[in-house]
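As a plain string of letters, each chain reads:
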Amino acid sequence: MAAEAYLQNDAVVTRHDQTFFGVRQKRDRMAQALPEWEDLREAASQIKKHTETHLADYLEKFEQNATKNGVHVHWANDAEEYNRIVFDILSSHQVKKVVKSKSMLTEECHLNTHLEAKGIEVVETDLGERILQMMKLAPSHIVMPALHVHREDIGDCFRKQISNFNEIAASYPTPHDDPNDPTFLTYVARMHLRQQFAEADAGMTGANFGIAETGDVVVCTNEGNADMSTSIPKLHIVSMGIEKLIPNYKAMGVFQRFVARSGTGQETTVYTSHFRGPRPGGEMHIVLVDNGRSEIIGNAEHWQTLKCMRCGACMNTCPVYRRSAGYSYTYFIPGPIGVNLGMLRDPHKYYDNVSGCSLCCSCDNVCPVKVDLSTQVYRWRQELDSLGHADPMKKMMSNGMSFLFNHPALYTSALRLSPMVNWVPSPLINLKLNPWAYGHEMMKFPKKSFHQLWKEKKL
Amino acid sequence: MSAKEEILKRLRQNTRETYDMPDLDSLKPITYVDPVAEFIQKTTTTAGAKLIEKKTDESLNDVVQTVAKGLPPSGKDGKCIIASNLSGIEAQLNPDTVSEARELMAADLGVIEGRIGVAENACIWIPQQMKEKSICFAAQQLVIVLRRDAIVNNMHEAYARIAASGDYFQQYKFGTFISGPSKTADIEGALVYGAQAARGVTVVLV
């Protein structure tokens, strides 16, 4: 319903569309600036195919190296086990407040709700995530999660919820007319978050990559929040999906060059941090989470979704995502990759998302690891009927069309008669029985069909 | 069976066909006629940092103190609080000797050393060479000292150097690439420097 409200306003939708298409264009400029771009995509895809199909071996190697580096490695079959492990680590250190950098895995497992229910305060430190957390909203994008929220609402939220807002505002040195000026609001968030870093007892991060050969966890951010979260508190917990592994530094070179170029159209993220062990006097834990991934590898049609590195390029280019925004999808990851991951999570719960695709295939062409996103969406659609989720209306129409197209005489008469629809009064056509009329004006049928024009040699 | 055994067993059972690791040596990554010039250009434009080329007759400390004079001071004496463990740099805080990492949040200027510069994207490899790495992130402003002969073309070359060197991850098990000031565009897509970490970065090429 949040989606419906959002989409009521044309100007808002257009801005959303343009913002993300702008990111897509920046990505294109990055791609064009590197002559080796397509070779890199092919290399990245092959590295991922290799790693995912040798994952058990690489995970063992990764664990061995991380352990040797003094890191505690934990394994979690599912979300529940993962949440329990994290809580146990935190409670054994009497942690009251944890600062956390963005991690889609923790969203997937609903970690925050689990920890908060047990009395641990969780502070998201990515600015976008923090805004959403304070406003009690879900992310609308995996890399730029709060880009759909307007500055006025962010300003109101900060004024209400940041207890020392006035004090922070008074220390801002630059005069500004707009009370919701993004630079000013970012300053307020900076001061607020730095206080959180100083007070926290533990820091949590996700992992963009795990390097099997060395045991490194690599985290990429622009804000430096993952680094602030792990430089001040002494306890660091990494949450990592098992598919995030890559073999070695050579492979890392390929992926480092891709993350930001593909995702946000920058040459690099500001920080690319390699965590190889605990801080002096500190502790580092890595929780390796399966939560369905080891089943996906056995899915002949869909296993390549495991190659995804969550850069967000597929959603930025997707015309459906751009014009419908993240809340239109029922799975928490939107866009082409989210449609597919949702189906792998639970097809009976998330099957409605597969219709959110025009099969334009643009996502396939921007994906830096060559996940065949639209082909997979197409395959899911073919499977809908056997899953018992084919839309009865569409099924009836398909059967009807199939009958029509197989009977040329009937088709020709129907075509000849179709312009008659133009004389039917529009309220009758646009009534609720006609699903096309939701959000569409009924089209005008031309007087003569393409067939007729062709026969009369007018084409 | 432990979770680890269960996960590994499922992975081995479910994996169907396998694929070989590609030959990455055949990649022809971008190189530059003058990597130093490219690095300077990228640092001062897209990365949003400043860059000073130290003259041979200047001392590093002079350059650092000049940078500090241009910053809003927070010290009681009206001067900037500098944090560094580099020899020859006059500093009030030392990341090797502070008792808590959060003390370095008070630094107006952190002075640290980079080991590899990357021309394609302005990244600078900063291995942890101090007890508290918070200096690299928590200081309001950062000076990164980099030798101009340590600039490579691209990330492949940088990672090859790191992998081949025995210098890194020895005493402290952390290293980071930093390419400029902390930034965000999370509020309506407006680019703002100074998100949570350093607001400004000055690279000093020596």
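Just so you know, these numbers come straight off a predicted model, no measurement behind them.

It is worth spelling out the overall build of chain A at this point. Assigned secondary structure in chain A consists of 24 helices and 10 strands. Here chain A holds 459 residues, and the buried ones make up 48% of them. In chain A, 75% of the contacts between residues at least 6 apart in sequence involve partners at least 24 apart.

All right, on to the overall build of chain B then. The helix and strand inventory of chain B stands at 5 helices and 11 strands. When its C-alpha atoms are laid out on the principal axes, chain B stretches across 70 × 50 × 45 Å. Across the 206 residues that make up chain B, the buried fraction comes to 49%. Contacts spanning at least 24 positions in sequence make up 70% of the contacts within chain B whose residues lie at least 6 apart.

Burial analysis of strand β8 (residues 174-178) of chain B places 5 of its 5 residues in the buried class, the great majority of the element. Here strand β9 (residues 271-275) of chain A pairs with β8(B) via 5 bridges, running antiparallel. Bridge pairing in β8(B) places A:Thr272 opposite B:Phe177. Taken together, the 4 bridges between strand β5 (residues 124-127) of chain B and β8(B) define a ladder with antiparallel strand orientation. Across the sheet, residue B:Ile124 finds its bridge partner in β8(B), namely B:Ile178.

As a further point, take the interface of chain A and chain B. How big an interface is tends to be reported as the loss of accessible area on association of its parts. The interface is formed by 74 residues belonging to chain A together with 62 residues belonging to chain B. For the side of chain A that touches chain B, the element with the most residues is helix α11 (residues 182-199) of chain A, which contributes 8 residues. A breakdown of the residues in the side of chain A that touches chain B according to their chemical character gives 33 nonpolar, 25 polar and 16 charged.

All names here are of chain A. Strand order in this open sheet of 6 strands is β1-β10-β7-β4-β2-β3, and the pairing throughout is parallel. Two strands lie at the open edges of the sheet, namely β1 (72-76) and β3 (121-124), each paired on one side alone. For this sheet the average axis-to-axis angle between neighbouring strands, irrespective of direction, equals 20°. Both strand β2 (residues 97-100) and β3 contribute to a ladder of 4 bridges, which runs parallel. The partner of Lys 97 across the bridge, within β3, is Glu 121.

A few words now on the sheet that holds strand β8 (residues 245-246) of chain A. A sheet is described by the order of its strands in space; here 8 strands give the open sequence β8(A)-β5(A)-β6(A)-β9(A)-β8(B)-β5(B)-β4(B)-β7(B), paired in mixed fashion. The open sheet has two free edges, formed respectively by β8 of chain A together with β7 (151-152) of chain B, since each of these has just one partner strand.

It is worth spelling out the nonpolar core at this point. In this structure, A:Phe255, A:Val287, A:Leu288, B:Ile82 and B:Ile144 are the most contacted members of the largest nonpolar core, which totals 175 residues. For this core, the element with the most residues is helix α13 (residues 249-263) of chain A, which contributes 8 residues. Apart from the residues lying within four places of it in its own chain, the contact partners of A:Phe255 are A:Ala44, A:Phe209, A:Ile246 and A:Met309.

The end-to-end C-alpha distance of helix α20 (residues 373-387) of chain A is 20 Å, a good match for the 21 Å that 15 residues give at a rise of 1.5 Å each. Those residues of α20(A) that fall on the buried side of the exposure criterion are A:Leu373, A:Ser374, A:Gln376, A:Val377 and A:Trp380.

This part is about the pairing of β2(A). Pairing analysis gives 3 bridges linking β2(A) to strand β4 (residues 202-205) of chain A, with the strands arranged parallel. Looking across to β4(A), one finds that A:Val99 is bridged to A:Gly203.

For the pair α13(A) and helix α5 (residues 155-164) of chain B, the least separation of the axes is 8 Å and the interaxial angle reads 150°. Between α13(A) and α5(B), the angle falls in the class roughly antiparallel. Of the two possible hands of crossing, α13(A) and α5(B) adopt the one that is right-handed. Contacts from A:Tyr249, A:Lys250, A:Met252, A:Gly253, A:Gln256 and A:Arg257 in α13(A) reach B:Met155, B:His156, B:Tyr159, B:Ile162 and B:Ala163 in α5(B). Residues that form the contact of α13(A) with α5(B) fall into these classes: 6 nonpolar, 3 polar and 2 charged.

A word on the packing of helix α17 (residues 335-345) of chain A against α20(A). Residue and element names in this part refer to chain A. Running from amino to carboxyl end, α17 crosses α20 at an angle of 40°, the nearest separation of the two axes being 9 Å. When the axis of α17 is compared with that of α20, the two are oblique. In terms of crossing hand, the pair formed by α17 and α20 is left-handed. Touching Pro 336, Ile 337, Val 339, Asn 340 and Met 343 of α17 are Leu 373, Ser 374, Gln 376, Val 377 and Trp 380, all from α20.

All right, on to helix α2 (residues 10-33) of chain A then. Residues and elements named next belong to chain A. For α2, which comprises 24 residues, the first-to-last C-alpha distance of 35 Å matches the rise-based estimate of 34 Å (1.5 Å per residue) to within 8%. Burial in α2 covers these residues: His 16, Phe 20, Val 23, Arg 27 and Met 30. Along its buried surface, α2 packs onto α13, α15 (313-317), α16 (319-324) and α19 (362-366).

Okay, the confidence of the model for chain B next. Averaged over chain B, the pLDDT score is 96; the fraction of residues at 70 or greater is 100%. Quick note on the complex model: pTM equals 0.92, ipTM equals 0.98.

The topology assignment puts A:Gly155 in helix α9 (residues 151-161). Ignoring sequence-local partners within four residues, the contact set of A:Gly155 consists of A:Pro179, A:Asn180 and A:Leu185.

This part takes up unusual backbone geometry. All names here are of chain A. Its identity as a non-glycine residue notwithstanding, Gln 94 has a phi of 50°, on the positive side. Summarising the element assignment, Gln 94 is placed in the loop between α5 (79-92) and β2. Positive phi outside glycine occurs at His 110, with the angle close to 55°. Mapped onto the secondary structure, His 110 falls in the loop between α6 (104-109) and α7 (111-117).

Residues and elements named next belong to chain A. Structurally, Ser 328 can be placed in the loop between α16 and α17. Take Ser 328: there are 19 C-beta atoms within 10 Å of it, and that puts it in the partly exposed class. The sequence separation of Ser 328 and Ala 3 amounts to 325 residues, and the corresponding C-alpha distance is 5.1 Å. Once residues within four sequence positions are removed from consideration, Ser 328 is found in contact with Ala 3 and Gly 356.

Procedures and definitions
- Residues numbered from 1 in each chain as written.
- Chains lettered and ligands numbered in written order.
- Predicted model: local features only at pLDDT ≥ 70, side-chain atom pairs only at ≥ 80, totals over all residues.
- Helix = DSSP H or I, 4+ residues; strand = E, 2+ residues; numbered from the N terminus.
- Buried ≥ 20, exposed ≤ 12 C-beta atoms within 10 Å, placed from the backbone.
- Contact = placed C-beta atoms within 7 Å.
- Pairing = 2+ DSSP bridges.
- Nonpolar A, V, L, I, M, F, W, Y, C, P; charged D, E, K, R; others polar.
- Axes fitted to C-alpha atoms, helices over the stretch in contact; angles between N-to-C directions.
- Core = buried A, V, L, I, M, F, W, Y, C linked by C-beta atoms within 7 Å.
- Expected span 1.5 Å × (residues − 1).
- Parallel < 35°, antiparallel > 145°, perpendicular 65-115°, else oblique.
- Left-handed = near helix turned anticlockwise from the far one by under 90°.
- pLDDT = per-residue confidence, 0-100.

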